[in-house]
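For reference, the chains in residue letters:
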Amino acid sequence: MIEPALLRMYWAHTTLNQLHWAILGKQEEVIDLFLRFGESRLD
């Protein structure tokens, strides 16, 4: 089982990585998706 603090770091890393590529690709729908995705677990 992954400890909550480590899982949160993994979640943040993955979300930011995907958001980075969406911004570079200027994909507005994907940017919005990953902003919501990150907010759902990082609050």
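Refer to the preceding data block for the structure.
In this text the structure is predicted, and so the values were computed from the model without any measurement.

## Details of the packing of aromatic side chains
By convention here, two paired aromatic rings are described through the distance between centres and the angle between planes.
Reasoning step 1: Using the criterion set out here, one finds 2 aromatic pairs in the structure.
Reasoning step 2: A centroid spacing of 4.6 Å and a plane angle of 25° characterise the contact between Trp 11 and Phe 37, whose relative ring orientation is stacked. One end of the pair, Trp 11, is in helix α1 (residues 4-24); the other, Phe 37, is in helix α2 (residues 28-42), with 26 residues separating them in the sequence.
Reasoning step 3: On the numbers, 5.7 Å between centres and 80° between planes, the contact of Phe 34 with Phe 37 is edge-to-face. In this pair, Phe 34 and Phe 37 both sit in helix α2, 3 residues apart, roughly one turn of the helix.
Reasoning step 4: Each residue in the set Trp 11, Phe 34 and Phe 37 is aromatic and connected to the rest through ring pairs, giving one cluster.

The rules behind each value
- Residues numbered from 1 in each chain as written.
- Predicted model: local features only at pLDDT ≥ 70, side-chain atom pairs only at ≥ 80, totals over all residues.
- Heavy atoms only, no water.
- Phe/Tyr/Trp six-rings, centres within 6.5 Å; stacked < 30°, edge-to-face > 60°.
- Helix = DSSP H or I, 4+ residues; strand = E, 2+ residues; numbered from the N terminus.

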